[in-house]
Amino acid sequence: MRMRVLLSVAAPVLTALACTAVTVAPARATASTDAASASARHVCSPRVEIDGFSDALDKTTFAAIPVAELSGLTHDTNGDLLAVTDTSSLFSLDSRTKQPVSVQPLRTPEGTPLDSEAIAVDRDGTRLITDEEQPSVDRFDRSGKFLGTLPVPDALKVAPAGRATHNLTFEGLALLSDGHTLVASMEGALSGDEANIRRFQTWQRVGHSGDFRLGPQFAYRSDAGLDVSDITSTGDGRLLVLERGFTPGVGNSVRLYLADPRHATDVTEVSTLTAALEGVRPMKRTLLTDVAACPSLGAPTKQPQPNPLLDNIEGVTVTGRTPDGRLRLLLVSDDNQRATQTTRLYSLTARLPRA
């Protein structure tokens, strides 16, 4: 009897709940669909999403110095972002607002400016900065004082001293997470090497002195027609490699790769690297995304581009991790101080394949 009473009382309530469920379910489905749609609007590839972009630095100045020609990015030991320019300036940017907070000139002891393309920061705050003209990796303290330069193999020097082409030398630089290995990437191929093969030079830290000596050199196979514009450490012994090219009347091509140097062959003594790479194991690489495949997010463009989001992207750095372990990335484009190009920051997240 009691069970029957409860059921009879509950029947209207259950009917009401059923009706409520019918009206709520579509709302939940819509919310889920909207979230999925919003996520899809930011997908560049199965592994990469774009979170946004900013043109706030474009055609601006700080301390009367143009915030332009930004080529390399990294983090300082205090958390600020550091950005080097082709015009020999080092900007510190607030990591949250991405606005400049200070700027330093970069000069050799003779007062010569650098064609600075990439930057890494050592554990004591020393700035390691590539000069594409020499090429060289120069060391500066926090105040901007020149501390010295690292040794460079003769073959990587610009002809006639070496086999490198002017303006196609050290374009990328990364200090691996072990703190003992520094890697510089050549933008272009050496004379005699296959056109799409780049050499990555390493230096190893020696003892407690903190000095770096020449280490192994590795081969990296780039996409045809693209040069290596920057590299950065993923924190697990691997590298992110930014490849970039430009076709007049068409625009830029920009691709982001994951490269693993840990099982690559040391090619220091290999005079010629051909397409076959016989007896040579190049760095294994995996395409993470073609940036042209990212949604444009309403980005404007000042010149023809396959995707208006694109520009002359030259720098990349890791800014952190998401709660689910994806890397947060920041990319920057070099506007070459031209009216037709833009200084643009890009925020992406990338899920890396397992090491």
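Thresholds, definitions, all that
- Residues numbered from 1 in each chain as written.
- Predicted model: local features only at pLDDT ≥ 70, side-chain atom pairs only at ≥ 80, totals over all residues.
- Heavy atoms only, no water.
- Helix = DSSP H or I, 4+ residues; strand = E, 2+ residues; numbered from the N terminus.
- Buried < 20%, exposed > 50% of the residue type's maximum accessible area, 1.4 Å probe, protein only.
- Contact = heavy atoms within 4.5 Å.
- Areas by Shrake-Rupley, 256 points an atom, 1.4 Å probe, with all protein chains shown as cover.
- Disulfide = S-S within 2.5 Å.
- Pairing = 2+ DSSP bridges.
- Axes fitted to C-alpha atoms, helices over the stretch in contact; angles between N-to-C directions.
- Phe/Tyr/Trp six-rings, centres within 6.5 Å; stacked < 30°, edge-to-face > 60°.
- Lys NZ or Arg CZ within 6 Å of the ring centre and 35° of its normal.
- Core = buried A, V, L, I, M, F, W, Y, C linked by side-chain atoms within 4.5 Å.
- pLDDT = per-residue confidence, 0-100.

A. Expanded view of the overall build of the protein. When helices and strands are tallied, the protein shows one helix and 22 strands. Looking at the protein as a whole, 48% of its 355 residues are labelled buried. Residue pairs in contact within the protein that sit at least 24 positions apart in sequence constitute 53% of those at least 6 positions apart. As displayed, the protein offers around 16200 Å² of accessible surface, 55% of which is attributable to carbon and sulfur atoms.

B. Here's a closer look at the state of the cysteines. Here the structure, examined in full by the defined rule, presents one disulfide. A disulfide bridge connects C44 with C294, and the sulfur atoms are separated by 2.0 Å. Judged by the sign of its S-S torsion, about 110°, the cystine formed by C44 and C294 is right-handed. Within this pair, whereas C44 is found in the loop between α1 (2–40) and β1 (48–54), its partner C294 is found in the loop between β19 (284–290) and β20 (313–321), the two being separated by 250 residues in sequence. For the pair C44 and C294, a shared accessibility class is recorded, and that class is buried.

C. Just the sheet that holds strand β22 (residues 345–350), in detail. A sheet is described by the order of its strands in space; here four strands give the open sequence β1-β22-β21-β20, paired in antiparallel fashion. What marks the edges here is a single partner per strand, and that holds for β1 and β20. Sheet twist, expressed as the mean angle between neighbouring strand axes with direction ignored, is 25°. Bridge count between β20 and strand β21 (residues 327–333): seven bridges; the pairing is antiparallel. Bridge pairing in β21 links G320 to R328.

D. A look at the sheet that holds strand β6 (residues 89–93). With antiparallel pairing, four strands are arranged side by side in an open sheet as β4-β5-β6-β7. For this open sheet the edge positions go to β4 (70–75) and β7 (100–105), each flanked by a neighbour on one side alone. Each neighbouring strand pair of the sheet contributes to a mean axis angle of 20°, computed without reference to strand direction.

E. Region of the structure containing the packing of aromatic side chains. On inspection of all chains with the given rule, the structure shows three aromatic pairs. Over the face of the ring belonging to Y257 we find R285, whose NZ or CZ atom lies 4.0 Å from the ring centre.

F. Main features of the nonpolar core. In terms of nonpolar packing, the biggest core is built from 24 residues, with L240, L329 and L331 touching the most fellow members. Elements supplying a minimum of two residues to this core: β1, β17 (239–247), β18 (251–260), β20, β21 and β22. Apart from the residues within four sequence positions on either side, L329 is in contact with L240, L256, T317, V318, T319, Y346, S347, L348 and A350. Ranked by size, the runner-up nonpolar core spans 17 residues in total, among them A118, F170, L190 and W203.

G. Molecular detail of the side chain of T181. Structurally, the position occupied by T181 is in strand β13 (residues 181–186). In this structure T181 touches A174, L175, L176, T202, W203 and Q204, once residues within four positions along its chain are discounted.

H. Representation of the confidence of the model for the protein in the model. With 88% of its residues at a pLDDT of 70 or more, the protein has an overall mean of 90. Across residues 1–36, where pLDDT falls below 50, the model places zero contacts with residues more than four positions away in sequence or in other chains.

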